[in-house]
Amino acid sequence: MRTRSIGRALPKALPRTATRVALGLALLAVPATALATTGGPAGHPAPAAAHSAPHAARAATGLDDPAKKEIAMQLVSSAENSSLNWKAQYKYIEDIGDGRGYTGGIIGFCSGTHDMLELVELYTQRKPGNVLAKYLPALRKVDGSDSHEGLDPNFTKDWKTAAQDPEFQKAQNDERDRVYFNPAVKQGKADGIGVLGQFAYYDAIVMHGDGSDPTSFSSIRKRALAKAEPPARGGDEKTYLNAFLDARVWAMKQEEAHSDTSRVDTAQRVFLRKGNLDLHTPLDWKVYGDSYHIG
């Protein structure tokens with residue numbers, strides 16, 4: 001989950017898996033199999049040759065393609081929730097002790113970093129009187145802190161109740177797209193990078209947020225641009241993505257909580273080494289030592 005540059009600076013968050021390990025909870029490495037596939041046409045060129053395609057053609061197929069977006073959601077969920085079942089996370093909520101209050105939902109909205117407040121405001125705008133509306137004053141008060149004042153003891157119970165409402169699920173989807181997914185895809189397309197690169201951007205903004213601090217998404221991208229040109233500027237896509245992932249790993253290692261960089265090293269790097277720049281299935285990767293497969 002991300003360290004956003006919204007409001008006052010907060011400590012970087014542990015990925016949920018790492019948090020549970022740190023708390024001494026026993027996690028079982030259970031390989032997960034997804035049902036979603038991208039179904040390329042017969043005789044599709046081998047992924048290893050994909051990086052040689054012109055950047056205009058590469059960017060034409062985006063992470064916003066429904067099948068590719070489903071893959072992105074599962075990839076992020078494997079790192080954030082140790083599961084490919086991202087839709088089961090609408091009801092997720094807990095304080096993981098990272099200084100950012102409650103973390104909840106499909107993208108880890110946090111009570112201390114403004115996006116949970118914006119989510120509940122949107123939900124209430126669309127559905128006045130919902131079960132979470134009464135917490136808006138408290139969410140505004142604790143924004144920027146790890147406080148539970150005005151939220152306990154029933155906020156988590158009411159969140160799980162709201163998560164059964166399709167309107168709240170849609171609000172989560174819409175805020176995820178507005179704040180994280182759409183900006184990442186838009187910037188990726190502007191840089192001429194394909195589905196894998198757009199996903200690398202999305203995963204970075206999910207964890208780090210965006211802003212002016214050195215570990216934000218924009219700063220990670222600037223660090224990469226200092227080392228390599230993206231395809232939109234005439235650069236080689238694989239070379240640029242390697243530079244971006246190098247910068248991402250650097251950013252993660254600035255905080256001990258992010259010292260496990262397997263979501264890059266044994267996932268995104270694996271796809272990049274294979275030249276699978278469009279995230280064609282099957283996909284096999286590991287996060288925190290757990291194996292995952294989309295076939």
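Predicted, not measured: the structure shown is a model, and the values here were computed from it.

Side note on the pattern of salt bridges
Thought 1: Inspection of every chain in the model, using the stated rule, returns 19 salt bridges.
Thought 2: As a salt-bridge pair, Asp177 and Lys69 come within 2.9 Å of each other at their nearest N and O atoms. A residue pair is termed long-range when its members are at least 10 positions apart, and Asp177 in helix H7 (residues 166–190) and Lys69 in helix H3 (residues 66–81) qualify at 108 residues.
Thought 3: Its relative accessible area of 18% is what places Lys69 among the buried residues.
Thought 4: Residue Arg263 pairs with Glu80 through a salt bridge whose shortest N-O separation is 3.1 Å. In this pair, Arg263 sits in helix H11 (residues 262–273) while Glu80 sits in helix H3, placing the two residues 183 residues apart along the sequence.
Thought 5: By relative accessible area, Glu80 is classed as buried at 3%.

Thoughts on unusual backbone geometry
Thought 1: Between Asp152 and the following residue, Pro153, the backbone shows a cis peptide bond with an omega angle of 10°.
Thought 2: A cis amide bond links Thr281 to the next residue, Pro282, at an omega of 5°.
Thought 3: Relative to the helices and strands, Pro282 is located in the loop between H11 and strand E5 (283–287).
Thought 4: For Ser82, which is not glycine, the phi dihedral falls at a positive 55°.
Thought 5: Note that Ser82 resides in the loop between H3 and strand E2 (93–94).

Re the sheet that holds strand E3 (residues 103–104)
Thought 1: Read from one edge to the other, the open sheet built from three strands follows the order E2-E3-E4, with strand pairing classed as antiparallel. If you trace the sheet from one side to the other, it starts and ends with E2 and strand E4 (109–110), each paired once.
Thought 2: Pairing of E2 with E3 involves two bridges; the strand directions are antiparallel. Bridging from a neighbouring strand, Glu94 pairs with Thr103 of E3.

A few points about the nonpolar core
Thought 1: Counting 76 residues, the largest nonpolar core has Leu132, Phe155, Tyr202, Tyr240, Phe244, Leu279 and Trp285 as its most contacted members.
Thought 2: Tallying contributions element by element places helix H8 (residues 195–208) first for this core, with ten residues.
Thought 3: When sequence neighbours within four positions are dropped, the list of residues in contact with Leu132 reads Val120, Tyr123, Phe155, Asp158, Trp159, Ala162 and Phe168.

A closer look at the packing of aromatic side chains
Thought 1: Summed over the entire model, instances satisfying the criterion amount to twelve aromatic pairs.
Thought 2: Taken together, a centroid distance of 5.8 Å and an interplanar angle of 45° make the contact between Tyr102 and Phe155 tilted. Linking Tyr102 in the loop between E2 and E3 with Phe155 in helix H6 (residues 155–162), this pair joins segments that are 53 residues apart in sequence.
Thought 3: Both rings, one in Trp285 and one in Tyr292, keep their centres 5.7 Å apart while their planes meet at 25°; by these two values the pair is stacked.
Thought 4: Given the relative accessible area of 4%, Trp285 is considered buried.
Thought 5: A connected cluster of aromatic rings, assembled from ring pairs, spans Tyr102, Tyr123, Tyr135, Phe155, Trp159 and Phe168.
Thought 6: In this structure, Lys69 is placed above the aromatic ring of Phe181, and the distance from its NZ or CZ to the ring centre is 4.6 Å.
Thought 7: In this structure, Arg223 is placed above the aromatic ring of Trp250, and the distance from its NZ or CZ to the ring centre is 3.7 Å.

Comments concerning empty space enclosed by the protein
Thought 1: For the coordinates displayed, the defined rule picks out three cavities of 30 Å³ or more.
Thought 2: Here the largest cavity defines a volume of roughly 60 Å³.
Thought 3: The wall of the largest cavity is formed by Leu75, Val76, Ser78, Ala79, Phe199, Asp203, Arg263, Ala267, Gln268, Trp285 and Val287.
Thought 4: Mapped by element, the contributors of at least two residues to the lining of the largest cavity are H3, H8, H11 and E5.
Thought 5: Split by residue class, the lining of the largest cavity holds seven nonpolar, two polar and two charged.
Thought 6: Computed from the structure, the second largest cavity encloses a volume of approximately 40 Å³.
Thought 7: As for the second largest cavity, its lining consists of Met73, Val76, Ser77, Glu80, Asn81, Trp86, Gln89, Ile106, Ile107 and Tyr202.
Thought 8: A per-element tally of the lining of the second largest cavity places H3 first, with five residues.
Thought 9: Considered class by class, the residues forming the lining of the second largest cavity number six nonpolar, three polar and one charged.

Calculation rules
- Residues numbered from 1 in each chain as written.
- Predicted model: local features only at pLDDT ≥ 70, side-chain atom pairs only at ≥ 80, totals over all residues.
- Heavy atoms only, no water.
- Salt bridge = Lys/Arg side-chain N within 4 Å of Asp/Glu carboxyl O.
- Helix = DSSP H or I, 4+ residues; strand = E, 2+ residues; numbered from the N terminus.
- Buried < 20%, exposed > 50% of the residue type's maximum accessible area, 1.4 Å probe, protein only.
- Pairing = 2+ DSSP bridges.
- Core = buried A, V, L, I, M, F, W, Y, C linked by side-chain atoms within 4.5 Å.
- Contact = heavy atoms within 4.5 Å.
- Phe/Tyr/Trp six-rings, centres within 6.5 Å; stacked < 30°, edge-to-face > 60°.
- Lys NZ or Arg CZ within 6 Å of the ring centre and 35° of its normal.
- 1 Å grid on protein atoms, 1.4 Å probe; cavity = no way out; pocket = protein on both sides within 12 Å on 5 of 7 lines; lining within 4 Å.
- Points joined across faces, edges and corners; volume = space filled by probe spheres on them.
- Nonpolar A, V, L, I, M, F, W, Y, C, P; charged D, E, K, R; others polar.

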